[in-house]
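# Reading the structure
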Amino acid sequence: MSRYTDIRVTGWIARLPPSLQAYVLLARLDRPIGTWLLWLPGIWGILLPQGVAPAERIRLVILFGIGSLVMRAAGCVVNDMWDRDIDRQVERTAGRPLASGALGMKQATAFLALLLLAGLGVLVQLNTLSWLLGVSSLVLVAFYPLAKRYTWWPQLVMGFTFGFGAPMGYAAASGHLSWAQAALYAATIAWQLGFDTIYGFQDMEDDARIGVKSTSRLMVGRARPFLGACYAVAAAFLALAGVLAGVSWLFWPVLLLPLGLLARQVAGLNPADPALCLRQFRANREVGLAVALALAAGLLHP
């Protein structure tokens, strides 16, 4: 296993029976960063609309947290079912349960059905518009693993997929969609395109060897300008979302915090350093939390 792999079998996971460990690893419960990056756009969407009761926002944040854990796991299962043959040829992913043979396709399918049932249990507690959006998001979940086979932009498809929590969170909180929500979704897509391109730099040699396409391979020669452009677009659309939603002036000074964190990623980017790329990718949890803090500040009207 690569020393740069993000698979973790230490701590509480090491104390589980081997049969359970395989399911935990398939669901990526050893790496909660993916759940955070799926949950945070939902939190943004919940915090953007004005006039929502605080208790309702808290209820939705909790529900979206549970839903993000479950649906991120389901997405990982779908991805690994599609990619098991590719994963065997990539050093970082060769230890994944389906690639290594620790689990079979029948076991993965049964586990996926259980996860989707749990996700449905969360979805039915939201409003009708959220149901429609939640069901439609499954198309993106299914399509994402195909993107790397036919396009150089799988990271963009990932942005549409992982960023879908933003319109869902907004719809769950407000009961409708708006141009402010559309701007927030665009910001989320650009942000996730940037950080997933950083993540993909870890696998460029293996991807090139086996013919897997990625935005990381496409942009490696101009990595810093590309990342800067992604994050600049994200910042512009975040600002637009704030204007359209009518946030208070407190949003603007707090927004400088995540923008500074993004600028630091751009300045320090080195595609040839896989360990650094992994750290920078994970640092986007703090970026997302800082944006959520800015949106929460924007709800205050002193």
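Residues numbered from 1 in each chain as written. Predicted model: local features only at pLDDT ≥ 70, side-chain atom pairs only at ≥ 80, totals over all residues. Heavy atoms only, no water.

Assignment of secondary structure puts serine 248 in the loop between helix 12 (223-245) and helix 13 (251-268). With a relative accessible area of 5%, serine 248 lands in the buried category. With sequence-adjacent residues up to four places away left out, serine 248 is seen in contact with Ala297, Gly298, Leu300 and His301. (Helix = DSSP H or I, 4+ residues; strand = E, 2+ residues; numbered from the N terminus. Buried < 20%, exposed > 50% of the residue type's maximum accessible area, 1.4 Å probe, protein only. Contact = heavy atoms within 4.5 Å.)

Before going further, it helps to spend a moment on unusual backbone geometry. At arginine 28, a residue that is not glycine, the phi angle is positive and equals roughly 60°. With respect to the element layout, arginine 28 can be found in the loop between helix 1 (18-26) and helix 2 (33-47).

If you trace the backbone, leucine 218 turns up in helix 11 (residues 215-219). Not counting residues within four places of it along the chain, the set of residues in contact with leucine 218 comprises Trp152 and Trp153.

In this structure, Trp44, Leu48, Trp191 and Tyr231 are the most contacted members of the largest nonpolar core, which totals 45 residues. Setting aside anything within four residues of it in sequence, one finds tryptophan 44 in contact with Leu184, Thr188, Trp191, Leu238, Gly288, Val291, Ala292 and Leu295. Of all hydrophobic cores here, the second largest spans 16 residues; its members include Phe64, Val122, Leu133 and Ala171. (Core = buried A, V, L, I, M, F, W, Y, C linked by side-chain atoms within 4.5 Å.)

Counted under the stated rule, the structure contains 0 disulfides. Distance from the sulfur of cysteine 230, which forms no disulfide, to the nearest cysteine sulfur (cysteine 277) is 14 Å. On the basis of relative accessibility, which here comes to 6%, the residue cysteine 230 falls in the buried class. (Disulfide = S-S within 2.5 Å.)

Under the criterion given, the structure shown has 6 salt bridges. Among the ionic pairs, arginine 59 bridges to glutamate 56, the shortest N-O distance being 3.0 Å. Taken as a pair, arginine 59 and glutamate 56 lie in helix 3 (residues 54-87) at a separation of 3 residues, close to a single helical turn. With relative accessibility at 27%, the residue glutamate 56 sits in the partly exposed group. When the shortest N-O distance is used, the salt bridge between aspartate 80 and arginine 96 registers 3.5 Å. Placement of aspartate 80 in helix 3 and of arginine 96 in the loop between helix 3 and helix 4 (97-100) is noted, with a sequence separation of 16 residues between them. Three or more residues are tied together by salt bridges with common partners; here these are Arg28, Asp80 and Arg96. (Salt bridge = Lys/Arg side-chain N within 4 Å of Asp/Glu carboxyl O.)

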